[in-house]
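# Summary of the model geometry
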Amino acid sequence: MLKDEIVNAINEQINREMYSAFLYMSMSAYSSSIGLKGFANWFMVQYHEEMVHAMKFYEYIQRQGAQVRLKALKEPPVEFKSPMDMFTQTLSHEQFITRSINDLMELAIKHKDHASQIFLQWYVNEQVEEEENDNDIILQLKLINNDPHALLMLDRELAARMMTVPTDFSKGVEAAMSATKAP
Ligand code: OFO
């Protein structure tokens, strides 16, 4: 059984994960609008990943017999200055998410909630990967330094990012995720 303080904090985190999805969907739309279909693909894959992050929290609350409370999402930005602007905003948003996951972990430790600590460990690891991915692309964009030819080559590379997230949640998020793992 979860403490109310933890249920409330996880419900807030579901909202943050869904806002992340919303933000990256908006970046995907903007990328398409300026002809960068590879960037659009990368952000759309990220959108789906964020929805899985939200769904894992959703399912965890339900498995613990607590109440999911969905909250209104704020509107994401519609326009961005450049690909670099999108990725620096993405990195700073992910750093904010990392802090919020760390706060959740601190709360679980404070309440001696071992199940939540084990559950949250997945997100702790995931955030290392998320920030690393953004940092790698920011470094590449620095090297590109507004060279259109090099930017189109990166766009082609980002077009190859594959969706590894599940679409069938009928048997739960964990089952769906392990069914989609690469062999
Ligand atoms: Fe982009 O991170 Fe969710 O958790």
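We now turn to the structure provided with this report.

Rules and cut-offs
Residues numbered from 1 in each chain as written. Predicted model: local features only at pLDDT ≥ 70, side-chain atom pairs only at ≥ 80, totals over all residues. Heavy atoms only, no water. Helix = DSSP H or I, 4+ residues; strand = E, 2+ residues; numbered from the N terminus. Polar contact = N/O pair within 3.5 Å; in protein donor to acceptor, adjacent residues only side chain to side chain. Axes fitted to C-alpha atoms, helices over the stretch in contact; angles between N-to-C directions. Parallel < 35°, antiparallel > 145°, perpendicular 65-115°, else oblique. Contact = heavy atoms within 4.5 Å. Nonpolar A, V, L, I, M, F, W, Y, C, P; charged D, E, K, R; others polar. Salt bridge = Lys/Arg side-chain N within 4 Å of Asp/Glu carboxyl O. Buried < 20%, exposed > 50% of the residue type's maximum accessible area, 1.4 Å probe, protein only. Phe/Tyr/Trp six-rings, centres within 6.5 Å; stacked < 30°, edge-to-face > 60°. Lys NZ or Arg CZ within 6 Å of the ring centre and 35° of its normal. Left-handed = near helix turned anticlockwise from the far one by under 90°.

## Looking at the side chain of Gln-13
Mapping Gln-13 onto the fold places it in helix α1 (residues 4–33). A distance of 3.0 Å separates the side chain of Gln-13 from the side chain of Ser-100, its partner in a polar contact.

## Observations regarding the packing of helix α2 (residues 37–63) against helix α4 (residues 114–144)
Remark: α2 packs on α4, axes separated minimally by 12 Å, with the N-to-C direction vectors making an angle of 170°. As far as their axial angle goes, α4 and α2 are roughly antiparallel. For the pair formed by α2 and α4, the contact residues are Phe-39, Trp-42, Gln-46, Glu-49, Glu-50, His-53, Lys-56, Phe-57 and Tyr-60 on the first element and Ala-115, Ser-116, Phe-119, Leu-120, Trp-122, Tyr-123, Glu-126, Glu-130, Asn-133, Asp-134, Ile-137 and Leu-141 on the second. Residues belonging to the contact of α2 with α4 are distributed by class as follows: 11 nonpolar, four polar and six charged.

## Some thoughts on the pattern of salt bridges
All told, the structure shown has three salt bridges when counted by the stated rule. The partner of Lys-110 in a salt bridge is Glu-5, and the shortest N-O contact between them spans 3.3 Å. Residue Lys-110 is located in helix α3 (residues 83–110), and its partner Glu-5 is located in helix α1; the two are separated by 105 residues in the primary sequence. For Glu-5, a relative accessible area of 37% translates into the label partly exposed. With its nearest N and O atoms 3.7 Å apart, the salt bridge here joins Glu-12 to Lys-71. One end of the pair, Glu-12, is in helix α1; the other, Lys-71, is in the loop between α2 and α3, with 59 residues separating them in the sequence.

## Quick look at the packing of aromatic side chains
All chains considered together, the criterion is met by 11 aromatic pairs. Residues Tyr-60 and Phe-119 carry aromatic rings whose centres are separated by 4.0 Å and whose planes lie at 5° to one another, so their mutual orientation is stacked. Here Tyr-60, found in helix α2, pairs with Phe-119, found in helix α4; they are 59 residues apart in sequence, far enough to count as distant. The exposure class assigned to Phe-119 is buried, which follows from its relative accessible area of 13%. Every member of this aromatic cluster is reached through a ring pair, and the members are Tyr-24, Phe-39, Trp-42, Phe-43 and Phe-87. Over the face of the ring belonging to Trp-122 we find Lys-56, whose NZ or CZ atom lies 4.4 Å from the ring centre.

## Digging into the packing of α4 against helix α5 (residues 148–158)
Closest axis-to-axis distance for the α4/α5 pair is 9 Å, and the angle between their directions is 155°. One finds that α4 runs roughly antiparallel with respect to α5. Relative to α5, α4 is oriented so that their crossing is right-handed. Within the contact between the two elements, α4 uses Ile-137, Gln-140, Leu-141 and Ile-144 and α5 uses Ala-150, Leu-151, Leu-154, Glu-157 and Leu-158. Within the contact of α4 with α5, the residues separate by chemical class into seven nonpolar, one polar and one charged.

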